[in-house]
Amino acid sequence: GRNVSSKVSKVAHTRVTSNKNSQRQGVISSVAVGMRHPSISTKGEDQRQRSNSVFTSHQRLHATPLLRSRAKQVPEFAPRASGASGVQSTTDMAALVKKFVMDQFLPLGLLTAIVIGYSAPFYGTAAANAGLQNYSTAGIFVLSGLSLSTSEMRRAMQAWGAWLYGAVFILMLSPLPALAILQLPILPRELVMGLAIFVCMPTTLTSGVSLTAAAGGNSALALGLTVGTNMLGILTIPFTLSLVLGKAAGVHLPPGPLLSKLCLTILIPVIIGKLARSVLPTIAVWVDKHKKGVSLVSNSLLILVPWMQVSKSQGQLAQVDACSLAVVCAVWVVVHLAYMVLNLGASRALQLGSKLGSQRNEIEKAIVIVASQKTLPVCVAVMQQLPPGLVGEIGICILPCIMAHMLQIVLDSALVSSMANSSK
C-alpha cells in the first residue's frame, strides 16, 4: 500500500512540474513569436484601443453640443473682453480728467477767461457795460456768508494769540513790500500797480483753509483768520492803499469813498448770506451738504470778472511785454516765500499755540499757510471801486494778480505735500 501511494504522489508531482514547465515555455514562445511577428503580440492591445476608441467616441457624441457651444462662444467672448477693458480704461481716464478739472477749476477757469477775453472781447465787453461784474462780485460774498459757521468761528478763537498775530501780520505788516514793488522800473505801470494792490489784500477766502486741512494744520484757526481778516480788511484796506499809493506812487486816494463802496459790495452781501443761514436752518443744512457745488458757483462768479475786464482792456493787453510779466511774477514768488519764512520764525519765536500742547504744530502750519496768501476776489472788488484812471487799465492790473494767485496755489500745494509726508 505504501509503494502504491508513493508512486501516485510521484506521478502527481511529475504532472504539476510538467505543467509549470509547459507554462514557462508557452510564455517564452509567445514572447519569441511576438518578437518575430509584432502584429500577433499587439492583438490584445488593439482590442483595448478599440474599446477605448468606442468609449471616446461615445464621450464625443454626448459632449459635442457643449463643445460646439463653447467653440462658438470663445471667438465672441474674446472681443467682448477686450472691448470691456477698453471701455473701462476710457471710463477711468474720463474720471481722472474730471477729478483734475474739479480740483483745479479756478486756475483753469482764470486762464480760460484770459484767453477768451483776449481773443473774443465782444461778449465780455458787452457784459461789463451791462454791469454784470457788480452782480457777480456781490454773489461771491453772499455765498461766503452762507458758508460761514458760527460754531467753527468759536473754535477758532481757542488760539486767540495765534489769531491776533495772524491778523496783525496780514493786515499791517504784509502790505509793506508794496512800497518797494512800486519802485520797480517795469512797464506798463499797471503791472506794478496791480501787484502792489494785491500785496495789500487780506488772506484767501477758500484755498488757505483747504490747504491747511490737507497739511494737517488747525482748520479752525485758518477759518478764523480768513473770516476775521477779510471783514476787518474792509475797514483797513482803504487806509492802507491810501498810504501805500500816496507815498510810493504819488496817487491821492481818499479812504472814505472806498470804505463805503467796500461795505456795499463786500460787507453787506456777507451779512445777508449769514442772516439767511441763521434764520433759515434748511439753507444752512443744504449749503453744508453741497459745499463743493457752492464753491464751484462762487469760483465761476469770480472767473466772470477777469473775463470782462480783460475783454475791455484787450487793446492795451496786446502791448504788455511777456518779460515784464515774468519779472512781476518772479517778484511775487520772492515776496510769498519771504512771508512763509517770517511767519514760521515768528510762530516759533512767539511760541504760538504753546498752551494747546500737541496742537502747536497744527497752529504753526495754519499760520505759515494762511498768513502768507492773498485773496483775489477782494482784490478784484477793490480795483472795480477805484476811481477811473487812478491806476490805469484795470484789465492789465488784474493780470499780475491772477498770475500771483495761481503761483501761490502751486507753491503752497508743494509745501502742503511736503508737510503731509513729514507728518506721516
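What counts as what
Residues numbered from 1 in each chain as written. Predicted model: local features only at pLDDT ≥ 70, side-chain atom pairs only at ≥ 80, totals over all residues. Heavy atoms only, no water. Helix = DSSP H or I, 4+ residues; strand = E, 2+ residues; numbered from the N terminus. Contact = heavy atoms within 4.5 Å. Areas by Shrake-Rupley, 256 points an atom, 1.4 Å probe, with all protein chains shown as cover. Salt bridge = Lys/Arg side-chain N within 4 Å of Asp/Glu carboxyl O. Buried < 20%, exposed > 50% of the residue type's maximum accessible area, 1.4 Å probe, protein only. Phe/Tyr/Trp six-rings, centres within 6.5 Å; stacked < 30°, edge-to-face > 60°. Polar contact = N/O pair within 3.5 Å; in protein donor to acceptor, adjacent residues only side chain to side chain. Expected span 1.5 Å × (residues − 1). Disulfide = S-S within 2.5 Å. Patch = residues over 30% accessible without salt bridge, like charges linked within 9 Å, V, L, I, M, F, W, Y side chains within 5 Å. Axes fitted to C-alpha atoms, helices over the stretch in contact; angles between N-to-C directions. Parallel < 35°, antiparallel > 145°, perpendicular 65-115°, else oblique. Left-handed = near helix turned anticlockwise from the far one by under 90°. Nonpolar A, V, L, I, M, F, W, Y, C, P; charged D, E, K, R; others polar.

Engineer: Residue-level account of the overall build of the chain, with values.
Structural biologist: Each helix and strand counted, the chain has 20 helices and 0 strands in total. Long-range pairs, those at least 24 residues apart, make up 84% of the contacts in the chain between residues at least 6 apart in sequence. Total accessible area on the chain is roughly 23,100 Å²; 66% of this is exposed by carbon and sulfur atoms.

Engineer: Which residues make up the pattern of salt bridges, and what values do they have?
Structural biologist: Under the criterion given, the structure shown has 2 salt bridges. A salt bridge links Asp288 to Arg277, with the shortest nitrogen-to-oxygen separation between them at 2.9 Å. In this pair, Asp288 is assigned in helix H14 (residues 281-289) and Arg277 in helix H13 (residues 255-279), connecting sequence segments 11 residues apart. Its relative accessible area of 35% is what places Asp288 among the partly exposed residues.

Engineer: An account of the packing of aromatic side chains is requested, with residue identities and associated values reported.
Structural biologist: Where two aromatic rings form a pair, the distance of their centres and the angle of their planes describe that pair. Per the stated rule, a full pass over the model turns up 5 aromatic pairs. Between the aromatic rings of Phe169 and Tyr339, the centroid separation amounts to 5.7 Å while the plane-to-plane angle is 85 degrees, which identifies the pairing as edge-to-face. A residue pair is termed long-range when its members are at least 10 positions apart, and Phe169 in helix H8 (residues 160-173) and Tyr339 in helix H17 (residues 322-349) qualify at 170 residues. Per residue, the accessibility class of Phe169 equals that of Tyr339, and both read buried. With a centroid separation of 5.3 Å and 80 degrees between ring planes, the pair formed by Phe198 and Trp332 is classed as edge-to-face. A residue pair is termed long-range when its members are at least 10 positions apart, and Phe198 in helix H10 (residues 189-199) and Trp332 in helix H17 qualify at 134 residues. Per residue, the accessibility class of Phe198 equals that of Trp332, and both read buried. Here the aromatic cluster, defined as three or more aromatic residues joined through ring pairs, consists of Tyr165, Phe169, Phe198, Trp332 and Tyr339.

Engineer: Talk me through the side chain of Thr204; I want residue IDs and the actual numbers.
Structural biologist: For Thr204, the position within the fold is in the loop between H10 and helix H11 (207-214). A distance of 3.1 Å separates the side chain of Thr204 from the backbone nitrogen of Gly208, its partner in a polar contact. Among the polar contacts listed, one links the side chain of Thr204 to the side chain of Gln373, at a separation of 2.7 Å. Excluding its chain neighbours within four sequence positions, the residues that come into contact with Thr204 are Thr226, Asn230, Gln373, Lys374, Thr375 and Gln408.

Engineer: Help me get a handle on unusual backbone geometry, residues and values and all.
Structural biologist: A cis amide bond, omega -5 degrees, links Leu187 with the succeeding residue Pro188. Take Pro188: it is sitting in the loop between helix H9 (177-181) and H10. At Gln351, a position not held by glycine, the phi torsion is positive, near 55 degrees. Relative to the assigned elements, Gln351 resides in the loop between H17 and helix H18 (360-370). In this structure Gln351 comes out as partly exposed when scored by relative accessible area, which is 46%.

Engineer: Break down the environment of Val328 for me, with residues and values.
Structural biologist: For Val328, the position within the fold is in helix H17. Taking the relative accessible area as the measure of exposure, Val328 reaches 3% and is therefore buried. Put simply, Val328 and Val192 are 136 residues apart on the chain and 7.2 Å apart in space, counted from C-alpha to C-alpha. Discounting residues that sit within four places of it in the chain, Val328 has contacts with Ile186, Leu191, Leu195 and Pro400.

Engineer: Please provide a residue-by-residue account of H8, values included.
Structural biologist: An α-helical turn contains 3.6 residues, so a residue and the one three or four places further along point in the same direction. For H8, built from 14 residues, the straight-helix expectation of 20 Å at 1.5 Å per residue is met to within 8% by its first-to-last C-alpha distance of 19 Å. Buried residues of H8: Ala162, Trp163, Tyr165, Gly166, Ala167, Phe169, Ile170 and Leu171, and no others.

Engineer: Describe the state of the cysteines, with residues and values.
Structural biologist: Counted under the stated rule, the structure contains 0 disulfides. Free cysteine: Cys200, not disulfide-bonded; nearest cysteine sulfur from Cys379 at 9.2 Å. Since its relative accessible area comes to 4%, Cys200 is described here as buried.

Engineer: Could you give an account of H18, naming the residues involved and the relevant values?
Structural biologist: Counting buried positions along H18 yields 8 of 11 residues, so the element is predominantly enclosed. The complete set of buried residues in H18 reads Ile363, Glu364, Lys365, Ala366, Ile367, Val368, Ile369 and Val370.

Engineer: Now, about a nonpolar patch on the surface: what can you tell me, with residues and values included?
Structural biologist: Side chains of Met157, Trp160, Leu164, Val168, Met172, Leu173, Leu176 and Leu179 sit close together on the surface and give an oily, nonpolar patch of about 770 Å² of accessible area. Within the fold, Leu176 resides in the loop between H8 and H9.

Engineer: Requested: an account of the environment of Leu179, with residues and values cited.
Structural biologist: Topologically, Leu179 is positioned in helix H9. Here Leu179 falls in the partly exposed class, since its relative accessible area comes to 35%. Between the C-alpha atom of Leu179 and that of Val199, which follows or precedes it by 20 residues, the distance is 9.9 Å.

Engineer: Which residues make up the packing of H13 against helix H19 (residues 376-385), and what values do they have?
Structural biologist: Taken N-terminus to C-terminus, the directions of H13 and H19 make an angle of 130 degrees; their axes are 10 Å apart at the nearest point. Relative to H19, H13 is oriented oblique. Here H13 runs over H19; the crossing is right-handed. Where H13 approaches H19, its residues Leu258, Lys261, Leu262, Thr265 and Ile266 are matched on the opposing element by Val378, Ala381, Val382 and Gln385. Tallied by class, the residues present in the contact of H13 with H19 amount to 6 nonpolar, 2 polar and 1 charged.

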